[in-house]
Amino acid sequence: MKFEWSESKVGLRVVVRGELEVTSCNCLEHFWERYISPRDEVHLDLGEVESSDEAGRETLARLVSERLAANQELVIWRAPEDIREALRGQGLDKHSSLTLE
């Protein structure tokens, strides 16, 4: 898993590349805590995620859920269908602070 991020007028933009799997969960959690959690506006581009497993999707869903519970905005672009399904399965897609594009 690799991350590319930049600041813009709309907030932090993060592109996630590679695998979202059990072996990358710690990396995702550390990156999230350091760069995503403190920001008010985050745009997360998942269009370059090549594969994901259940552990990776569950970790992402938990991190998204925690962010939404804190009433922090999150925009997710180009999420693969299995990731969208994991977010929908937890009802996160209905949260007003999350935009799935």
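These numbers were taken from a predicted model, which means no experiment stands behind them.

Looking now at the environment of Val-42. Topologically, Val-42 is positioned in strand E3 (residues 42-52). A relative accessible area of 1% means that Val-42 is categorised as buried. Taking the C-alpha atoms as reference points, Val-42 and Cys-27, 15 residues apart in sequence, are found 18 Å from one another. Once residues lying within four places of it in the same chain are set aside, the contact partners of Val-42 are Leu-12, Ile-36, Arg-67, Glu-73, Leu-74 and Val-75.

A separate point is helix H3 (residues 81-89). Among the residues of H3, those classed as buried are Ile-83, Arg-84 and Leu-87. Looking straight down H3, one finds its buried side chains confined to an arc of 100 degrees; they lie on one side. When the buried face of H3 is taken as reference, the exposed residues oriented beyond 90 degrees from it are Glu-85 and Gly-89. Those residues of H3 that are buried are in contact with strand E2 (11-20), E3, helix H2 (54-69), strand E4 (74-77) and strand E5 (98-100).

The rules we used
- Residues numbered from 1 in each chain as written.
- Predicted model: local features only at pLDDT ≥ 70, side-chain atom pairs only at ≥ 80, totals over all residues.
- Heavy atoms only, no water.
- Helix = DSSP H or I, 4+ residues; strand = E, 2+ residues; numbered from the N terminus.
- Buried < 20%, exposed > 50% of the residue type's maximum accessible area, 1.4 Å probe, protein only.
- Contact = heavy atoms within 4.5 Å.
- Arc of directions from axis to C-beta.

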